[in-house]
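Examining the three-dimensional arrangement
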Amino acid sequence: MALAFDEFGRPFIILKEQEQKTRVRGLDAQRANISAGRAVARILRTSLGPKGMDKMLQSPDGDVIITNDGATILEQMDVDNQIAKLMVELSRSQDYEIGDGTTGVVVMAGALLEQAEKLLERGIHPIRIAEGYEMASRIAFEHLERISQKFEFSATDIEPLVQTCMTTLSSKIVNRCKCMLAEIAVKAVLAVADLDRKDVNLDLIKVEGKVGGKLEDTELIYGIVVDKDMSHPQMPKRIENAKIAILTCPFEPPKPKTKHKVDIDTVEKFQTLRQQEQQYFDDMVQKCKDVGATLVICQWGFDDEANHLLMHRNLPAVRWVGGVELELIAIATGGRIVPRFQELTPEKLGKAGLVREKSFGTTKDRMLYIEQCANSRAVTIFIRGGNKMMIEETKRSLHDALCVARNLIRNNSIVYGGGSAEISCSIAVDAAADRYPGVEQYAIRSFAEALDSIPLALAENSGLQPINTLTAVKSQQVKENNPFCGIDCNDVGTNDMKEQNVFETLIGKQQQILLATQVVKMILKIDDVIAPSDY
Ligand code: ADP
Ligand code: MG
């Protein structure tokens, strides 16, 4: 594609291989883009809220995923429309920044697009719509801050934190165990949190899962669980006060490289070579023993002969441990990763009160528990469940809960959920619209209407009559001047979300509104789509 000018200086575009391209321009481009974006939002709409539906997705190689998490659904859907991809990105950025609210943000963007379409039909210029949306989003942003509340908790009183995580989990498949999982998530986050700096490093929380058992068996381990076992079945299964050598270097005799040539033409020569190899490894084992290690954890493997020797010399070892796990083990045990064998010294050993191997059910699967570590700031959440899909979904749901707990520690402002915050913003934005003299007024009103789509979707998904419910709640908010009225999805009997203890983080909600507005503005500003036509 190139830009050229005609004899009057007017620009025009030269399309290379024009017959192979499709080009949509002007209002048609906007309409096409809007409908692509809305199509994506429509898919997620039914997944919103505590009574939202789950999606089952099959990947090309036959793996099945069942999930309720917006970001995951879109990630797996393999969309190839460019605008639809923007929506996928939108959900992903909410996931990266906040962790929760990935469905809501897409539903919100879809509603904004729907309203924009109506405005375009009326002949309002897309730029004016974009500007109106921008103003409205700022009003909503500030209004959220006004209706937010500070949320008090301390390391000893974790109940409020647990409540918030429960709101997040209540919309997931795992909501049967939400109480227990929320508690685990909060305890895990508090274990790794730095409350003075208000910072949480979620990398220190390892989430491990194993098929078998039931969801209720999920546990929090103050230490590391590795999906590996001792390299030899006769090695001890339980080591107290372990001193651990963490090796990322090979732990075996040097192998002749393929490019080298070793001539072995007599039996004696072979014997010598073998003895040398053995001697070399024996020295390595001795070195480990000399520095005081009682357990060796290696990134690499060693062969059966070395394994046998290790068992004989009474030095338990674990092989093929992944890099991420090694790092966590090093952090937890206060040890150092040793990249060159010569550098192994007593100070580099990690310390753990108890290392034990645990087997599960009737399977041969065993896992290694490293507990009572020198540094307790690395924990593992160990998930059990009936099948792999369940475990994967539990991991995703826990991720949301962990993020919510982290966000609350960073910033303890909350707004109430169940659509109450959106309704309150909608009322505020609608009221503010009259103050704007320009055409933007229409866009601002439409923004208010789009905000209503969240409570509408929540009501619809819970089997309530959407319009009736929304209007009733809205008038109640105005009448009682109570911004906490929302949709009573679980039929508790009150729609005061403060009483129901349904809340979300303020930054999460604000981020949703900002991100959704940004994407919609971007889509509205596209008036020319040039793409290769079908291959
Ligand atoms: P997201 O991926 O956007 O977090 P969810 O499926 O988790 O989507 O749904 C979140 C929405 O459900 C929020 O608007 C939240 O306020 C609402 N919600 C969660 N639990 C309840 C509840 N018990 N009652 C009413 N609304 C709820
Ligand atoms: Mg959620």
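It should be emphasised that the depicted structure is a prediction, and the values quoted were computed from it without experimental measurement.

**As for the overall build of the protein chain**
Of the regular secondary structure elements, the protein chain holds 17 helices and 21 strands. With the C-alpha coordinates aligned to their principal axes, the bounding extent of the protein chain is approximately 95 × 70 × 40 Å. Out of the 535 residues belonging to the protein chain, those deemed buried represent 51%. Here the contacts in the protein chain between residues at least 6 apart in sequence split such that 73% fall between residues at least 24 apart. Element-wise, carbon and sulfur atoms account for 50% of the exposed surface of the protein chain, whose accessible area totals about 26000 Å². If you average the places of the 65 positive and of the 75 negative side-chain charges in the protein chain, the two averages end up 2 Å apart.

**Overview of the environment of glutamine 510**
In this fold, glutamine 510 is placed in helix α17 (residues 506-524). The buried category is assigned to glutamine 510, whose relative accessible area is 7%. With 370 residues separating them along the chain, glutamine 510 and alanine 140 place their C-alpha atoms 8.3 Å apart. In contact with glutamine 510, other than residues within four places in its own chain, are Phe141, Leu144 and Glu145.

**Observations concerning the sheet that holds strand β19 (residues 413-416)**
Each strand in a sheet pairs with its neighbour through backbone hydrogen bonds, running either in the same direction (parallel) or in the opposite one (antiparallel). An order of β6-β19-β20 is seen for the three strands of this open sheet, with the pairing classed as antiparallel. Two strands close off the open sheet at either side, each with one partner strand: β6 (149-150) and β20 (503-505). Note: β6 against β19, two bridges, orientation antiparallel. Counted as the bridge partner of glutamine 149 is isoleucine 414 from β19.

**Some thoughts on the pairing of strand β17 (residues 366-373)**
Burial runs high along β17: six of the eight residues are buried. Bridge count for strand β11 (residues 223-226) against β17 is four bridges, and the pairing is antiparallel. From the neighbouring strand, valine 225 faces β17, where its bridge partner is tyrosine 369. Relative to β17, strand β16 (residues 350-359) is paired through seven bridges, and the arrangement is antiparallel. Pairing of leucine 354 across the sheet is with glutamate 371, part of β17. Between β16 and β17, which pair antiparallel and follow one another directly, the connecting turn spans six residues, one of which, glycine 361, has a positive phi of 50 degrees.

**Let's talk about the state of the cysteines**
A complete count under the given rule lists zero disulfides for this structure. Of all cysteine sulfurs, the one in cysteine 179 lies closest to cysteine 177, which takes part in no disulfide; the gap is 9.6 Å. The thiol of cysteine 288 is not disulfide-bonded; the next cysteine sulfur, from cysteine 298, is found 8.1 Å away.

**A few points about the sheet that holds strand β10 (residues 219-221)**
Strands sit in the order β9-β18-β10 across an open sheet of three strands; the sheet is mixed. Two strands bound the open sheet, and with one partner strand each, they are β9 (205-211) and β10. Shown here is a sheet whose adjacent strand axes are inclined to one another by a mean of 25 degrees, direction ignored. Both β10 and strand β18 (residues 379-385) contribute to a ladder of three bridges, which runs antiparallel. Opposite leucine 220, over in β18, you have isoleucine 381 as the bridge partner. Seen against the sheet, helix α11 (residues 388-410) touches β9 and β18 and runs at an angle of roughly 160 degrees to β9.

**Overview of the site of ligand 1**
The environment of ligand 1 is made up of 21 residues, and the closest members are Thr103, Gly104, Ser171, Gly418 and Glu504. The separation between an oxygen atom of ligand 1 and a polar main-chain atom of glycine 101 is 3.1 Å. Within the side chain of serine 170, a nitrogen or oxygen atom sits 3.0 Å from a nitrogen atom of ligand 1. Computed on the free molecule, ligand 1 has an accessible area of 570 Å², of which 96% lies beneath the protein chains in the complex. Residue composition of the shell around ligand 1, by class: six nonpolar, 13 polar and two charged.

**Concerning the packing of helix α13 (residues 440-451) against helix α14 (residues 453-461)**
Axis separation between α13 and α14 bottoms out at 4 Å; the angle between their running directions is 25 degrees. With respect to their mutual orientation, α13 and α14 come out roughly parallel. Within the contact between the two elements, α13 uses Glu449, Ala450 and Leu451 and α14 uses Ser453, Ile454 and Pro455. For the contact of α13 with α14, a count of residues per class yields four nonpolar, one polar and one charged.

**Considering the pattern of salt bridges**
All told, the structure shown has 39 salt bridges when counted by the stated rule. One salt bridge connects arginine 274 with glutamate 305, and the closest N-O pair in it is separated by 3.4 Å. One end of the pair, arginine 274, is in helix α8 (residues 267-291); the other, glutamate 305, is in helix α9 (residues 304-312), with 31 residues separating them in the sequence. A relative accessible area of 37% places glutamate 305 in the partly exposed class. For arginine 313, the salt bridge is made with aspartate 282, and the minimal N-O distance between the two is 2.9 Å. With arginine 313 in the loop between α9 and β14 (317-318) and aspartate 282 in helix α8, this pair connects stretches of sequence that are 31 residues apart. For aspartate 282, a relative accessible area of 24% gives the class partly exposed. Each of Asp194, Arg197, Asp199 and Arg410 takes part in salt bridges that share partners, so that together they form one network.

**Details of the domain arrangement of the protein chain**
Here the protein chain is partitioned into domain 1 (21-150 + 416-532) and domain 2 (225-375). Distance from the C-alpha centre of domain 1 to the C-alpha centre of domain 2: 53 Å.

**Describing the nonpolar core**
Membership of the largest hydrophobic core comes to 88 residues, with the highest contact counts inside it found for Phe251 and Ile370. A total of ten residues in this core trace back to one element, the largest contributor, which is helix α7 (residues 178-192). Both domains that meet at this core, namely domain 1 (21-150 + 416-532) and domain 2 (225-375), each give it at least three residues. The contact partners of isoleucine 370, leaving out residues within four places of it in the chain, are Tyr222, Gly223, Ile224, Val226, Ile244, Ile297, Ile329, Thr333, Ala352, Leu354 and Val355. Ranked by size, the runner-up nonpolar core spans 65 residues in total, among them Ile34, Ala109, Phe447 and Leu458.

Conventions we followed
Residues numbered from 1 in each chain as written. Chains lettered and ligands numbered in written order. Predicted model: local features only at pLDDT ≥ 70, side-chain atom pairs only at ≥ 80, totals over all residues. Heavy atoms only, no water. Helix = DSSP H or I, 4+ residues; strand = E, 2+ residues; numbered from the N terminus. Buried < 20%, exposed > 50% of the residue type's maximum accessible area, 1.4 Å probe, protein only. Contact = heavy atoms within 4.5 Å. Areas by Shrake-Rupley, 256 points an atom, 1.4 Å probe, with all protein chains shown as cover. Lys, Arg positive; Asp, Glu negative; His and termini not counted. Charge placed at Lys NZ, Arg CZ, Asp CG, Glu CD. Pairing = 2+ DSSP bridges. Disulfide = S-S within 2.5 Å. Axes fitted to C-alpha atoms, helices over the stretch in contact; angles between N-to-C directions. Near = heavy atom within 4 Å. Polar contact = N/O pair within 3.5 Å; in protein donor to acceptor, adjacent residues only side chain to side chain. Nonpolar A, V, L, I, M, F, W, Y, C, P; charged D, E, K, R; others polar. Parallel < 35°, antiparallel > 145°, perpendicular 65-115°, else oblique. Salt bridge = Lys/Arg side-chain N within 4 Å of Asp/Glu carboxyl O. Domains from an automatic or database assignment. Core = buried A, V, L, I, M, F, W, Y, C linked by side-chain atoms within 4.5 Å.

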